[in-house]
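Architecture at a glance
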Amino acid sequence: MGSTWRSMDASNRGHLLNRLADLVERDQLLLATLEALDSGKVFLMAFFVDLMATIKTLRYYGGWADKIHGKTIPTDGEYFTYTRHEPIGVCGQIIPWNFPVMMFAWKIAPALCCGNTVVIKPAEQTPLTALHMAALIKEAGFPPGVVNVLPGYGQTAGCAIAHHMDIDKVAFTGSTAVGKLIQKAAGDTNLKRVTLELGGKNPNIVFADCDLEYAVEQAHSGLFFNQGQCCLAGSRVFVEESIYEEFVRRSVEKARSKALGNPLLPGVDQGPQIDQKQFDKIMELIESGKKEGATLECGGSAGGQRGLFIQPTVFSNVTDDMRIAKEEIFGPVQQIMCFRSVKEVIQRANATHYGLAAGVFTNDIDKALTVSSALQAGMVWVNCYNAMSAQCPFGGFKMSGNGRELGEYALQEYTEVKAVTIKISHKNS
């Protein structure tokens, strides 16, 4: 009550977010370089995808700051009732290592535009861009204490955020296993609000009546983008029987054409995996695919003698009971399955604990509408994949999490609705 931040005009909060976006744009080259150095992400992708999304997200929510408001309600009796959308308070935010600076913006921008304060923990593997963003936040003119960047390990700093009695809300992006721990910590303490963006084993369904070459390209980028380290990865590619063999052949060609190497160099398509632990997990799952009878079409081994590189890998003849068809691999490993009917593929696509995203490729609008309505996923892309924007809500069904990020829907996750009723002597309806 009475703090500089709480008493600031909403439009000034928007101005600060836009000022921060300007500074990120000024330092875009530096931030993209830090991102590539810290995570192994291909520099050009960091510059043109991650940083552009960061800037757009900050500007989008800068525009929302003075447009968040309640309603007047025509209640019965001699009363005047209205609602206020108030900030929740202190928001603890825990972000992952696969898109560090973009996730930083996804978390802080809606929280700040609603008037909250933030304690944000970057992943221990990738703290550099978060620390530079802290410097830019100070330069932009945010009051002291509004954004607090807290580097540290999940078991210490992350656990402290989840259990702290003075933190009113936690937003987490990461694994389903850790998401469960955070939800439990909230229940064991002050019932803090929780939003979770967790894992995915996302179906990408390709019908025979699609544009085949385009579908191959989209399925390829939908899986191999960011070394496959993406919760949205279309890691279960279902292809209709009549085009299955040709789809596999073209997918293998694309995978073999990828250039691995130093992510800072031009012409490189794929950098290293994030760390040894993740590298070992991916290789172990690749071995399980071989042992369980999937056909290894290409890749399947480390890429080179040095570094945590994995060859782009494609498996065909994958069945739903194999580990590579059920577990989130989070690496450059594409599984291609065959289906025969719409009913069959819907049933198989939904037969997972996850429900984050899905893709559908068909030139039949009736089929597209039928399948997209039936899929149990928070986002469905038709004749495209990974078509993200700051305006569109992001989040999953089932064990892929709860709540939404981005778009207008994210504002609901960072405000409390207060109803105020005033007794009046005479009412005019």
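Scroll up to find the structure this text is about.
The structure presented is a predicted model; accordingly, all values stated were derived computationally and were not measured. (Residues numbered from 1 in each chain as written. Predicted model: local features only at pLDDT ≥ 70, side-chain atom pairs only at ≥ 80, totals over all residues. Heavy atoms only, no water.)

**Quick look at the pattern of salt bridges**
Test applied: In what follows, salt bridge is the name for a side-chain nitrogen of Lys or Arg lying within 4 Å of a carboxyl oxygen of Asp or Glu. Counting from the N terminus, the helices are the DSSP runs of H or I reaching at least four residues and the strands are the DSSP runs of E reaching at least two. Only protein chains enter the accessibility calculation, which uses a 1.4 Å probe; a residue is then buried when its area is under 20% of its type maximum, exposed when over 50%, and partly exposed in between.
Under the criterion given, the structure shown has 23 salt bridges. One salt bridge in this structure joins Glu-416 and Arg-193, with 2.9 Å as the shortest N-O distance. Taken as a pair, Glu-416 in strand E16 (residues 415-423) and Arg-193 in strand E7 (residues 193-197) lie far apart in primary sequence, 223 residues in all. The partly exposed category is assigned to Glu-416, whose relative accessible area is 28%. Among the residues examined, Arg-193 registers a relative accessible area of 41% and is labelled partly exposed. Taken together, the shared-partner salt bridges in this structure form one network comprising Glu-213, Glu-246, Arg-249, Arg-250 and Glu-253.

**Side note on the sheet that holds strand E10 (residues 295-298)**
As a reminder, the rule being used: Strand pairing is assigned whenever DSSP detects at least two bridges linking the two strands. Axes here refer to lines fitted to C-alpha atoms; in helices the fit is confined to the stretch in contact. Angles between the N-to-C directions go from 0 to 180 degrees. We call two residues contacting when some pair of their heavy atoms lies within 4.5 Å.
Spatially, 7 strands are ordered E10-E11-E12-E9-E8-E13-E14 in an open sheet, and the strand pairing comes out mixed. The sheet is open, and its two borders are formed by E10 and strand E14 (379-382), each paired with just one other strand. Each adjacent strand pair in this sheet contributes to an overall mean axis angle of 20°, direction not counted. Seen against the sheet, helix H9 (residues 244-256) touches strand E8 (203-206), strand E9 (236-240), E10, strand E11 (313-316) and strand E12 (333-339) and runs at an angle of roughly 170° to E12. Strands in contact with helix H12 (residues 342-350) are E8, E9 and E12; relative to E12, the strand with the most contacts, it is inclined by about 145°.

**Some words on the sheet that holds strand E1 (residues 72-73)**
Judged by pairing direction, the sheet is antiparallel, and its 3 strands sit side by side in the order E1-E2-E16 without closing on themselves. Of all strands in the sheet, those with a lone pairing partner are E1 and E16, marking the two edges. One ladder, built from 9 bridges, connects strand E2 (residues 79-87) with E16; its direction is antiparallel. Each bridged residue has a counterpart across the sheet, and for Pro-87 the counterpart in E16 is Thr-415.

**Observations regarding a nonpolar patch on the surface**
Going by this rule: Like-charged residues within 9 Å of one another, or nonpolar side chains (Val, Leu, Ile, Met, Phe, Trp, Tyr) within 5 Å, are grouped into patches, provided each residue has over 30% relative accessible area and no salt bridge. Values of accessible area rely on a 1.4 Å probe in the Shrake-Rupley scheme; residue burial ignores everything except the protein chains shown.
A cluster of nonpolar side chains, namely Leu-44, Met-45, Phe-48 and Val-49, defines an oily patch on the protein surface of about 370 Å² accessible area. Looking at the secondary structure, you find Val-49 in helix H3 (residues 43-64).

**Notes on the packing of aromatic side chains**
Going by this rule: Within 6.5 Å between ring centres, the rings of Phe, Tyr and Trp (the latter by its six-membered ring) count as paired, and their orientation is classed by plane angle as stacked under 30 degrees, edge-to-face over 60, tilted in between.
Under the defined criterion, the tally for this structure stands at 11 aromatic pairs. Their ring planes at 85° and their centres at 4.9 Å tell us that Tyr-60 and Tyr-61 sit as a pair that is edge-to-face. For the residue pair Tyr-60 and Tyr-61, the accessibility class agrees, reading buried in each case. With a centroid separation of 4.8 Å and an interplanar angle of 65°, the aromatic rings of Trp-381 and Tyr-385 are classed as edge-to-face. Note on accessibility: Trp-381 and Tyr-385 belong to one class, buried. Feature note: the residues Phe-43, Phe-47 and Phe-48 constitute an aromatic cluster, connected by ring pairs.

**Quick word on unusual backbone geometry**
Positive phi values are uncommon outside glycine, yet Asn-317 reaches one of about 50°. Examined against the element boundaries, Asn-317 turns out to sit in the loop between E11 and helix H11 (323-326). One non-glycine residue, Lys-398, lies in positive phi territory at about 50°. Following the sequence through the fold, Lys-398 ends up in the loop between E14 and strand E15 (401-402). We classify Lys-398 as partly exposed; its relative accessible area is 38%.

**Side note on the packing of H12 against helix H13 (residues 365-374)**
Put simply, the rule is: Throughout, the term roughly parallel applies to angles under 35 degrees, roughly antiparallel to angles over 145, roughly perpendicular to angles from 65 to 115, and oblique to all others. Crossings are sorted by hand: turned counterclockwise from the far helix by less than a right angle, the near helix makes the crossing left-handed, and turned clockwise it makes it right-handed.
Interhelical geometry of H12 versus H13 gives an angle of 30° and a closest axis separation of 10 Å. The orientation of H12 relative to H13 falls into the category roughly parallel. Where H12 crosses over H13, the two elements pack in a sense that is right-handed. For the pair H12 and H13, the contacting residues are Val-342, Ile-346 and Asn-350 in the first and Lys-367, Val-371 and Ala-374 in the second.

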